[in-house]
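# Per-entry structural report
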Amino acid sequence: MSKLWQKTTNVDKLVENFTVGRDRELDNQMAAFDVLGSLAHTRMLESIGLMSNDDLALVQRELKAIYNDVQAGDFAIEDDVEDVHSQVEMLLTRRIGDAGKKIHSGRSRNDQVLVDLKLFFRHQLQQVVNETDNLFRLLLQQSEEHKDVLLPGYTHLQVAMPSSFGLWFGAYAESLVDDLEMVLAAWKITNKNPLGSAAGYGSSFPLNRTMTTELLGFDSMAHNVVYAQMGRGKTERIIAQALSSIAATLAKMAMDQCLYLSQNFAFVSYPEHLTTGSSIMPHKKNPDVWEIMRGKCNRLQALPNDVAMMTTNLPSGYHRELQLLKELLFPAFTDLMDCLQMANFMLQHITVNKNILDDPKYAYLFSVEEVNKAVLNGTPFRDAYKQIGLDIEQGNFNPDKTVAHTHEGSIGNLQNEQIGAAMDKIISSFDFKKVEDAISWLVR
Ligand code: ARG
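Parameters and conventions
Residues numbered from 1 in each chain as written. Predicted model: local features only at pLDDT ≥ 70, side-chain atom pairs only at ≥ 80, totals over all residues. Heavy atoms only, no water. UniProt positions renumbered as here; feature names shortened; annotations may be inferred. Near = heavy atom within 4 Å. Polar contact = N/O pair within 3.5 Å; in protein donor to acceptor, adjacent residues only side chain to side chain. Areas by Shrake-Rupley, 256 points an atom, 1.4 Å probe, with all protein chains shown as cover. Helix = DSSP H or I, 4+ residues; strand = E, 2+ residues; numbered from the N terminus. Nonpolar A, V, L, I, M, F, W, Y, C, P; charged D, E, K, R; others polar. Buried < 20%, exposed > 50% of the residue type's maximum accessible area, 1.4 Å probe, protein only. Contact = heavy atoms within 4.5 Å. Core = buried A, V, L, I, M, F, W, Y, C linked by side-chain atoms within 4.5 Å.

As recorded by an unreviewed UniProt entry, the protein chain carries the name Argininosuccinate lyase and is attributed to Mucilaginibacter conchicola. Checking UniProt for the protein chain, the heading Pathway (unreviewed entry) contains the comment "Amino-acid biosynthesis; L-arginine biosynthesis; L-arginine from L-ornithine and carbamoyl phosphate: step 3/3."

This is the structure:
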């Protein structure tokens, strides 16, 4: 099969397979965005006189038809076609002839794939933000609901001080707020138009990059064409950090879940149909969901390193291995979305065990409470500490198991309202509406 770039020689089949790799499969996910890029690029070409009005009308009509096919699931990259860019151009040319052959003026696959990726990542980040927000709302709600249920707090995995389910759920909610700060940074860096950088050095055509920036709903452009090309790899690296940040929150929560579900802790439980059994031990109800989540999310934390290793020491300009970044980033989005959705699903069915602290082994949780009471009654802290320590050593420690924590962010004053407001503020900083409006105008 001939390539977009083929003149006379047929490339060796082994070389072709090796270099195309998984592109046909992965590029499918970018198909809609490739069409959007061409819808904007061709409007711009017409505006600067590189495409006639009639050709533009034909091209736009057919691109929108392809866009609708993609949305309907009726689009595939044919076996002997190199990538999505070739497939779309080939379909156009097959259907409308010469007009299809004109769309690539002033463009290279290098900036074409860059713009596709930016649009694709922007879309994926929006889904991640929505799912993170859903999980956040649930966690905050659970925190409020169970704010009076106490839980042992640990340091060194040794019984330490009283905690609560209000604190526990709320902590993961607040962690997601900071994770979205990372996602917001990734969104801002993603949301810059690389189109018009062509092979990475611009074009002698008077391209109007401001126009494609606006048409595609980008916030701004990557101005310098060499820098625009450097965005490949750099964008992925920053997105990887953002995804890995959410993944770290989920992995830690998954670990807590596994621990709290263990019979030795027994702080939470799940209905039997959400646990899995053992082939040999008939009593087993294992937390496999949280274990798989922990594994996937720990693996996601390797993503920034994977991206860095693949791109470290590459000089400026395009290099073919940049293509392999898709193999890292695309499944990462899928895994993270699955984990966010599963965490949400599981947490809707969690039961928190009440009266955990009635167990005598948790009495020492209250040692600091007792010290503090003595301090409030006028004993210097160090003396009170020593006295309670001696009581414990001599087996005379009988605490009153009530907690009166009132300062900001403590058991009795969770500040969930402030945490909610912080989340609202971040979410409102994502300009999803502008993006959606631009895209619906392009395909209308
Ligand atoms: N599949 C390629 C990639 O993802 C598309 C760009 C090809 N450009 C090139 N100069 N060979 O990078």
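There is more to say after this.
Inspection of the region around the ligand gives Asp23, Arg109, Asn110, Val113, Arg232, Tyr318, Gln323 and Lys326 as its neighbouring residues. Within the contact set of the ligand, an oxygen atom lies 3.1 Å away from a side-chain nitrogen or oxygen of Lys326. If the ligand stood free it would expose 340 Å²; the protein chains cover 85% of that surface. With three residues, the top contributor of residues to the shell around the ligand is helix H7 (residues 109-145). Of the residues contributing to the shell around the ligand, the split by class is two nonpolar, two polar and four charged.

Glancing now at the side chain of Ser163. With respect to the helices and strands, Ser163 occurs in strand E2 (residues 158-164). A relative accessible area of 15% places Ser163 in the buried class. Discounting residues that sit within four places of it in the chain, Ser163 has contacts with Leu150, Leu151, Pro152, Gly153 and Ile411.

What follows is about the nonpolar core. Core analysis: the largest hydrophobic core is formed by 118 residues, its most contacted members being Phe165, Leu250, Trp290 and Leu347. Looking at this core element by element, the count peaks at 14 residues for H7. Not counting residues up to four positions away in its chain, the partners in contact with Leu250 are Leu135, Cys297, Leu336, Cys339, Leu340 and Ala343.

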